[in-house]
Amino acid sequence: KQEVTQIPAALSVPEGENLVLNCSFTDSAIYNLQWFRQDPGKGLTSLLLIQSSQREQTSGRLNASLDKSSGRSTLYIAASQPGDSATYLCAVKDTDKLIFGTGTRLQVFP
Amino acid sequence: DVKVTQSSRYLVKRTGEKVFLECVQDMDHENMFWYRQDPGLGLRLIYFSYDVKMKEKGDIPEGYSVSREKKERFSLILESASTNQTSMYLCASSSRLTPYEQYFGPGTRLTVT
């Protein structure tokens with residue numbers, strides 16, 4: 001059974017830092033991996049999607065990488081800003097379902 | 001822009017009540033999903049639907065049922081609410097062509113007392 005883990009569970013950094021969020025999954029037979037952002041009390045917003053054949057995707061200050069063989073993905077946030085404060089979730093597509101990690105709660109302080 | 005709306009942002013119900021959570025999407029998506037989100041457990045899939053009048057059990061369907069009478073609307077029903085169903089409920093939809101690209105509603109925080 002696919003399991004998705006995110007470390008750390010929470011992270012607090014000063015504005016301007018570059019940071020890395022980690023996601024690991026137990027079964028490498030995935031179709032794709034997505035990173036989502038969730039603001040407090042809100043739904044999820046998709047940030048980046050990496051197909052299983054891809055190694056990375058970039059959008060603005062965000063870069064997500066995928067290493068299927070080791071069962072890992074990282075989300076790199078460059079020059080963090082207070083507006084980046086949110087919970088970040090990764091999810092892998094396993095046949096017809098998305099399997100979510102428990103998220104990393106990020107706080108960027110001025 | 002895809003819009004997924006949920007009928008209530010906050011809901012307080014009593015144990016034993018029948019509870020309806022409504023979700024509507026405006027992008028003619030075939031697929032719709034209901035998740036619950038709990039601290040430390042992440043999002044867990046309750047039910048999903050590939051088409052009108054079709055439903056499939058997710059990972060935690062016990063205590064829930066669903067209804068999909070129209071393509072745009074997917075309802076989650078708690079037949080007899082219990083305190084362990086206190087949670088954040090999230091609805092999502094996706095197109096059959098891009099099923100992995102799910103769009104989420106804002107969520108309903110349900111408290112059962």
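Summarised in this report is the structure supplied together with it. No experiment lies behind these values; they were computed from the predicted model shown.

## So, the overall build of chain B
1) Next: Along its length, chain B carries 0 helices and 11 strands.
2) Next: Listing the helices and strands of chain B from first to last along the sequence gives β-β-β-β-β-β-β-β-β-β-β.
3) Next: A globule of 113 residues ought to have a C-alpha radius of gyration of about 13 Å, and chain B, at 13 Å, matches this closely.
4) Next: Across its three principal directions, the C-alpha atoms of chain B cover 40 × 25 × 25 Å.
5) Next: When each of the 113 residues of chain B is scored for burial, the buried share is 49%.
6) Next: Look at the contacts in chain B between residues 6 or more apart in sequence, and 56% of them connect residues 24 or more apart.
7) Next: Taken as two groups, the 16 positive and 15 negative side-chain charges of chain B have centres that lie 6 Å from each other.

## A short note on the overall build of chain A
1) Next: Along the backbone of chain A there are 0 helices and 11 strands.
2) Next: N-terminal to C-terminal, the α/β element order of chain A is β-β-β-β-β-β-β-β-β-β-β.
3) Next: What you see for chain A is a C-alpha radius of gyration of 13 Å, in line with the 13 Å of a compact globule of 110 residues.
4) Next: If one aligns the C-alpha atoms of chain A with their principal axes, the spans along those axes are about 40 × 25 × 20 Å.
5) Next: A buried classification covers 44% of the 110 residues belonging to chain A.
6) Next: Within chain A, contacts between residues separated by at least 24 positions form 53% of all contacts whose residues are at least 6 apart in sequence.
7) Next: Accessible surface for chain A amounts to roughly 5200 Å². Of this, 48% is attributable to carbon and sulfur atoms.

## Remarks on the layout of surface pockets
1) Next: Considering only enclosed or pocket space, the largest pocket measures out at about 470 Å³ in volume.
2) Next: Lining the largest pocket are 19 residues, with Q38, T87 and T102 of chain A together with Q37 and P39 of chain B positioned closest to its centre.
3) Next: Elements with a minimum of two residues in the lining of the largest pocket: β9 (86-94) and β11 (104-109) of chain A together with β4 (31-38) of chain B.
4) Next: Its residues placed into classes, the lining of the largest pocket shows 5 nonpolar, 9 polar and 5 charged.

## As for empty space enclosed by the protein
1) Next: On inspection of all chains with the given rule, the structure shows 1 cavity of 30 Å³ or more.
2) Next: Here the largest cavity is characterised by a volume of approximately 40 Å³.
3) Next: Lining the largest cavity are G41 of chain A together with R9, Y10, M88, G107 and R109 of chain B.

## So, the side chain of N31 of chain B
1) Next: Summarising the element assignment, N31 of chain B is placed in strand β4.
2) Next: Once residues within four sequence positions are removed from consideration, N31 of chain B is found in contact with S49, Y50, R68, A92, S93, S94, S95, R96 and P99 of chain B.

## A word on the side chain of Q34 of chain A
1) Next: Tracing the backbone shows Q34 of chain A in strand β4 (residues 32-38).
2) Next: Side chain to side chain, Q34 of chain A and S46 of chain A meet in a polar contact 2.9 Å long.
3) Next: If near-sequence neighbours (up to four positions away) are discounted, Q34 of chain A is found in contact with S46, L48, L49, L89, C90, A91 and L98 of chain A together with Y100 of chain B.

## A word on the pairing of β4 of chain B
Along any regular strand the residues' side chains alternate between the sheet's two faces.
All names here are of chain B.
1) Next: For β4, a buried count of 8 out of 8 residues is recorded, marking the element as mostly surrounded by other parts of the structure.
2) Next: Bridge analysis of β4 against strand β5 (residues 42-49) gives 7 bridges, and the strand direction is antiparallel. The partner of M32 across the bridge, within β5, is S49.

## A closer look at the sheet that holds strand β1 (residues 4-7) of chain A
Residues and elements named next belong to chain A.
1) Next: Here we have 5 strands laid out as an open sheet, ordered β1-β3-β8-β7-β6, and antiparallel in their pairing. The open sheet is flanked by β1 and β6 (56-59), the only strands paired with a single partner. This sheet shows a mean twist of 15° between the axes of neighbouring strands, independent of strand direction.

## Let's talk about the interface of chain B and chain A
1) Next: The interface of chain B with chain A comprises 19 residues on the first partner and 18 residues on the second.
2) Next: Taking both sides of the interface into account, the surface hidden between chain B and chain A amounts to around 1500 Å²; carbon and sulfur atoms contribute 58%.
3) Next: If you sort the residues of chain B by the area they bury against chain A, L43, Y100 and F104 of chain B come out on top, with a joint share of 35%.
4) Next: One can count 1 salt bridge joining chain B with chain A.
5) Next: A salt bridge links D59 of chain B to K97 of chain A; the shortest N-O distance between them is 2.8 Å.
6) Next: Scanning the region where chain B abuts chain A turns up 3 residue pairs in polar contact (both at pLDDT 80 or more).
7) Next: Of all elements in the fold, only β4, β5 and β9 (87-94) of chain B reach the threshold of two or more residues within the side of chain B that touches chain A.
8) Next: Broken down by element, the side of chain B that touches chain A gets its largest block of residues, 4 residues, from β5 of chain B.
9) Next: A per-class count over the side of chain B that touches chain A returns 12 nonpolar, 5 polar and 2 charged.

Parameters at a glance
- Residues numbered from 1 in each chain as written.
- Chains lettered and ligands numbered in written order.
- Predicted model: local features only at pLDDT ≥ 70, side-chain atom pairs only at ≥ 80, totals over all residues.
- Heavy atoms only, no water.
- Helix = DSSP H or I, 4+ residues; strand = E, 2+ residues; numbered from the N terminus.
- Rg over C-alpha atoms; globule rule 2.2 N^0.38 Å.
- Buried < 20%, exposed > 50% of the residue type's maximum accessible area, 1.4 Å probe, protein only.
- Contact = heavy atoms within 4.5 Å.
- Lys, Arg positive; Asp, Glu negative; His and termini not counted.
- Charge placed at Lys NZ, Arg CZ, Asp CG, Glu CD.
- Areas by Shrake-Rupley, 256 points an atom, 1.4 Å probe, with all protein chains shown as cover.
- 1 Å grid on protein atoms, 1.4 Å probe; cavity = no way out; pocket = protein on both sides within 12 Å on 5 of 7 lines; lining within 4 Å.
- Points joined across faces, edges and corners; volume = space filled by probe spheres on them.
- Nonpolar A, V, L, I, M, F, W, Y, C, P; charged D, E, K, R; others polar.
- Polar contact = N/O pair within 3.5 Å; in protein donor to acceptor, adjacent residues only side chain to side chain.
- Pairing = 2+ DSSP bridges.
- Axes fitted to C-alpha atoms, helices over the stretch in contact; angles between N-to-C directions.
- Buried area = accessible area lost by both parts, 1.4 Å probe.
- Salt bridge = Lys/Arg side-chain N within 4 Å of Asp/Glu carboxyl O.

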